[in-house]
Amino acid sequence: MNTNDLPREAAPIAFTLDGRAVEAAPGETLLSAAERAGVVLPRLCASEGLRPAGNCRACVVEIEGERVLAPSCCRAPTAGMVVRSDTPRAVNARRTVLELLLADAPTTNALKHDSELAHWARASGARERRFALRQVVGDDHSHPAMTVNRDACIQCTRCIRACRETQGNDVLGLAFRGGHAQIVFDQNDPMGSSTCVACGECVQACPTGAIAPANGAFARPSLKQVDSVCPFCGVGCQLRYHVDQNDRIAHVEGIAGPANEGRLCVKGRFGFDYAHSPERLTRPLIRRADAPKDPAAIERRDWKELFREASWDEALDAAAAGFRAALTATAARGRASPVAGFGSAKGTNEEAYLFQKLVRTAFGTHNVDHCTRLCHASSVAALMEGLGSAVVSNPLRDVAHADLVLLIGANPAQNHPVGATWIKNALRAGTRLVLADPRRTELARHAWRYLGFAPGSDVALLNAMLHVIVSEGLGDPAYIAAHTRDFDAIKNHVTAFTPEAMAPVCGIDADTIREVARAFATAKSAMILWGMGVSQHAHGTENARALIALSLITGQIGRPGTGLHPLRGQNNVQGASDAGLIPMVLPDYARVGDVAARERAEALWHLAPGTLGAEPGLTVVEIIDAAYRGDITAMLVQGENPAMSDPDAAHARQALAGLKHLVVQDIFLTETAALADVVLPATAWPEKTGSVTNTDRCVQLGRKAVGSPGEARADAWITEQLAVRLGLGWAYGIAPDGSGSGDGAQGIGAVYEEMRALMPSIAGLPWPRLWREGAVTYPVRDEQDPGQPVVFTHGFPMPEGRARLVPAALVPPAEAPDAAYPLVLITGRQLEHWHTGSMTRRSVVLDAIEPGPVVSLHPATAERLGLSAGALAQVSSRRGTIALPVRIDDGMPSDTAFVPFAYAEAAANLLTNPALDPLGKIAELKYCAVDVRPAAAQAATS
């Protein structure tokens, strides 16, 4: 055999297998070495990615000089070892083991689908019913996602290892003894009542179907398998769709993508039935003349109440005509363009690129933005200011190389679940976690130190840490001198921020602040991860400036296990931003004020010189405000739902309803689409081909797996058709059904190649290479470059290659609690739901697990307010009121409430504050003053 095929570079170990000379790498198992040599052995407890256990004995072999047979999955060969897999003793032992396991897992249950046990039994010639069947111990149907068939369990413990060691959830275990032993959830609870988070890792690991999807998906034959990318968060897990004879997704499994290595969460595993929802839009719609726009009645409307069906030609003509009318009316008055566009971070890079190109060229404006404005705009502003680049410096999985991780203002166990598994794996291996968050979230139990700081006091805490590092000389003078500028500004600024002075502000005692600051500065490698708890503030840019300074002055950047990583929320926030879906930049973050950048775009887009303006456009909240004033009269919205996602949602809904012309492309009649004049039915993620870029800067290919319902069309096709009707000579040849090919000559590939021409970051990643490799991390300079997971290794894209240190001002939240509104409201996501819920709430499993909104309160706060678990509470701010049940959560800080924003019937953003960060223009969605009281009491006093 060729030693180049060895799994890792090392001196090979020579041994004999079945009379042949074989080589293995040090530490490689006999099972793996045998498989590479062409000797295939049964295995059930062993699985790729799981620690070998050796407890099923289906893979035993005979080793010369040893009395008993050895499990090949957990034995490593030694030099000169003689191994036989083909002796009668070994062959008979393996077959007998499989026959015993068949008795443990009766055919009527365990083998009802083509399980691994069935496969190995057939391959080994094992006889069914040779041994008496084990007594059935009963099934568990208590969970909406998964069914437990205990009579099919062979106790291989793969599910336990998948749960505990891979996902780090610690739910599954082995209880009782001898013949009574069984796999249990928590303290032998029903699965549906346990702490199971329904990641389904146990389903993927189980070799018999003992734990399987509740919908019987494995029983439906898979006629087609398509590899793609999960659309539900920024982690970018790769997955495989199993498509049945009805062209529906039967089930999903994780595959070995760079971000997930086969792992998935509950959304990626069980959330794709939204694509087959009966509520999908299937034909273009035009608003009926007798259906006026009512911003107070937009929740889950039936389209027939508001619209009539139309042909694609009629709908596209109507959409284009409305935009032309708006432009003509404004041009006559010599005013700025009255049109704006909200693109989507839920679509592909190509769709984002086309959308921003359409707005800029057809509407003559940079008024184009997307949801990054509501999640990480302040992070982007600070990173561009300080480092000259807004990308993450290191991939999330670099936590495995970190001695210490500072995780602040983020809840990855809920929002980036697979990312959280890598964090938990690193902590198990010895990495220390500092979790800083007002809410005591799930990862707190794994943390070395938990810093439950007062909401809105991030800068006080971070500046106090900077004070310790500067005053005690814990920084990296050589790095500061070589790679930064303006250190004196930071040094002077943090003088007043002593831990003793900041402790009363942030609520963390001075000794703990000093301990954590020293640990961060002196760690061999320290990494900072943050989320929207840092960015969604009126002082979000200040928060990010402090984090950047913390990394730079300690030299904790530019190496594996270090750096700055703002966790991207939606699946393609990074890619949509890279593609130019931002009002102040063109693709690859070229400023619209940069003459050379505008000239490059004008030449590529065949525009007359000077066509593109130099003034940045309006951002999301600014566009809504302009629409409310009447300065923006027409909008194109693709896959966004500002009626739910924007702060002060009542104001946003009134602004949208007041538009003279609103065109929405979406897959459902969202709350925003209910206010549209024209609705264009789009394809869901599994129904189209295109690229996306995850939080790690990894460009990945999503592939079309199923057809779209009715007349739904791909967003890119819709954009091209609108462009043609608006007088642009586009001719990409995009397929209406969202399909793509690998040559890049036309269609989506041609769009990508045009986009690449404006993006030096992906210069070495042509469409055929992406089609072939499926995932490459940028920057990628040429076609031989494998990509660069770690950046800023030799400096920064700034003058003289030096990063700029910017002091972070102590800015209070825009709205403080008072006697009328005494509590602080925090908003965010839940594990089971995503964005505004338009997709996940139409998934049967996800909606069954979390069917309705709740307000989470600390037990003491709830008691003081006269509220108990399940009681209906009225939550009010200066902007609105919602009613929803109470959930008791002892991880909540006192006098604070948490409300998820995915529920239209209790929309959190009816309450939130639209106050903006002055630089990032992001709204303060994570902090506003509210009043919480029993709903009946509120009604009695109103």
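In short, a report on the structure.

Conventions and cut-offs
What you see as residue numbers is a count from 1 along each chain, following the sequence as written. Confidence filtering applies because this is a predicted model: local features only for residues at pLDDT of at least 70, side-chain atom pairs given and counted only at 80 or more, and all residues used for totals across whole chains, interfaces and linings. As a convention, hydrogens and water are excluded, and side-chain values are obtained from all of the structure's heavy atoms. Strands are labelled as partners when DSSP assigns at least two bridges between them. Runs of E in the DSSP output that reach at least two residues are strands. Runs of H or I that reach at least four are helices, and both are numbered from the N terminus. Here, a disulfide means two cysteine sulfur atoms that sit within 2.5 Å of each other. In the sections that follow, a salt bridge refers to a side-chain nitrogen of Lys or Arg positioned within 4 Å of a carboxyl oxygen of Asp or Glu. Note on exposure labels: buried denotes an accessible area under 20% of the residue type's maximum, exposed denotes more than 50%, and partly exposed covers the range between, all computed with a 1.4 Å probe on protein chains only. As defined here, a cavity is a set of points on a 1 Å grid over the protein atoms alone where a 1.4 Å probe fits but cannot get out. A pocket is an open set with protein on both sides within 12 Å along at least five of seven lines, and residues line them when an atom is within 4 Å of a point. Grid points are joined across faces, edges and corners, and a volume is the space filled by probe spheres set on the points. Interaxial angles span 0 to 180 degrees and are taken between N-to-C directions of axes, which are lines fitted to C-alpha atoms, for helices over the stretch in contact. Here roughly perpendicular refers to angles of 65 to 115 degrees, roughly parallel to angles under 35, roughly antiparallel to angles over 145, and oblique to all remaining angles. When the near helix sits turned anticlockwise from the far one by under a right angle, the crossing is termed left-handed; a clockwise turn instead gives a right-handed crossing. In this analysis, two residues are considered to be in contact whenever any of their non-hydrogen atoms come within 4.5 Å of each other. Here the nonpolar group is Ala, Val, Leu, Ile, Met, Phe, Trp, Tyr, Cys and Pro; Asp, Glu, Lys and Arg are the charged ones; every other residue, Gly included, is treated as polar. In these notes, a set of buried Ala, Val, Leu, Ile, Met, Phe, Trp, Tyr and Cys residues joined through side-chain atoms within 4.5 Å is what counts as a nonpolar core. Between rings of Phe, Tyr and Trp, where Trp is taken as its six-membered ring, a pair exists when centres lie within 6.5 Å; planes separated by under 30 degrees are stacked, by over 60 edge-to-face, and by other angles tilted. Two thresholds decide whether a charge sits over a ring: the Lys NZ or Arg CZ must be within 6 Å of the ring centre and within 35 degrees of the ring normal.

Quick notes on the sheet that holds strand β14 (residues 285-287)
The strand order across the open sheet formed by seven strands is β15-β14-β28-β27-β26-β16-β17, and the pairing between neighbours is mixed. The open sheet has two edge strands, β15 (307-309) and β17 (368-369), and neither has a second partner. Both strand β16 (residues 339-342) and β17 contribute to a ladder of two bridges, which runs parallel. Within β17, the position partnered with G341 by the bridge is V368.

Points about the state of the cysteines
Per the stated rule, a full pass over the model turns up zero disulfides. C196 provides the cysteine sulfur closest to C202, a residue in no disulfide bond, and the two sulfurs are 6.0 Å apart.

Focus: the pattern of salt bridges
All chains considered together, the criterion is met by 57 salt bridges. A salt bridge links E472 to R514, with the shortest nitrogen-to-oxygen separation between them at 3.5 Å. Remark: R514 occurs in helix α17 (residues 510-522) and E472 occurs in the loop between α13 (458-471) and α14 (477-483); sequence separation between them is 42 residues. Given a relative accessible area of 30%, E472 falls into the partly exposed group.

Digging into empty space enclosed by the protein
Enumeration according to the criterion identifies 11 cavities of 30 Å³ or more in this entry. As a volume, the largest cavity reaches approximately 360 Å³. Looking at the largest cavity, it is lined by 30 residues, and the ones nearest its centre are G409, D437, M532, G533 and K926. Of all the elements in the fold, those that place two or more residues in the lining of the largest cavity are α11 (412-415), α18 (532-535) and β33 (823-828).

So, the pairing of strand β38 (residues 913-916)
Pairing analysis gives two bridges linking β38 to strand β39 (residues 923-924), with the strands arranged antiparallel. The residue of β39 that forms the bridge with N913 is E924. Between β38 and the antiparallel strand that follows it, β39, lie six residues; K921 among them carries a positive phi value of about 60 degrees.

Quick notes on the packing of helix α9 (residues 349-362) against helix α25 (residues 715-725)
Close contact between α9 and α25 brings their axes to 9 Å; oriented N to C, the two are set at 20 degrees. On the basis of their axis angle, the class for α9 and α25 is roughly parallel. Relative to α25, the crossing made by α9 is left-handed. Note on element contacts: α25 touches α9 through D715, A716, T719 and A723, opposite E351, L354, F355 and L358. Across the contact of α9 with α25, the residue classes tally to five nonpolar, one polar and two charged.

Regarding the nonpolar core
Judged by nonpolar contacts, the single largest core of 169 residues is most densely connected at Y241, Y274, L387, V399, L529, L552 and F796. Sort the elements by how many residues they give to this core and α13 lands first, with 10 residues. Sequence-distant contacts of Y274, defined by excluding residues within four places in its chain, comprise P231, F232, R280, I667, F668, A684, W685, P686, M839, R842 and S843.

Notes on the packing of aromatic side chains
Counting across every chain of the model gives 12 aromatic pairs. Relative to Y274, the ring of F232 has its centre 6.0 Å away and its plane inclined at 70 degrees; by these criteria the two rings are edge-to-face. Highlighted residues: F232 in the loop between β11 (224-229) and β12 (238-243) and Y274 in the loop between α7 (266-270) and β14, separated in sequence by 42 residues. Residues F232 and Y274 agree in their burial class; the two are buried. Relative to F363, the ring of F323 has its centre 4.9 Å away and its plane inclined at 45 degrees; by these criteria the two rings are tilted. Highlighted residues: F323 in helix α8 (residues 312-333) and F363 in the loop between α9 and β17, separated in sequence by 40 residues. Residues F323 and F363 agree in their burial class; the two are buried. Three or more aromatic residues joined by ring pairs make a cluster, and in this case those are F232, Y241, F272, Y274 and W834. It is R397 that lies over the ring of W422; its NZ or CZ is 3.8 Å from the centre. One residue, R439, lies across the ring of F898, its end atom 3.8 Å from the ring centre.

A word on helix α5 (residues 158-166)
Within α5, seven of the nine residues are buried, which leaves the element mostly enclosed by the surrounding structure. Where α5 is concerned, the buried positions are R158, C159, I160, R161, A162, C163 and T166. Summarising the contacts, the buried residues of α5 are in contact with α4 (116-124), β8 (172-175), β9 (182-185), α6 (201-205), β10 (211-213) and α12 (417-428). G168 sits one or two residues past α5 and shows a positive phi near 70 degrees.

Examining the layout of surface pockets
As a volume, the second largest pocket reaches approximately 910 Å³. Lining the second largest pocket are 37 residues; nearest its centre among them are V197, N411, Q414, E442 and L831. For the lining of the second largest pocket, the elements supplying multiple residues, two or more each, are α11, α12 and β36 (881-888). Of all the elements, α12 adds the most residues to the lining of the second largest pocket, at four residues. For the lining of the second largest pocket, the per-class residue count stands at 15 nonpolar, 11 polar and 11 charged.

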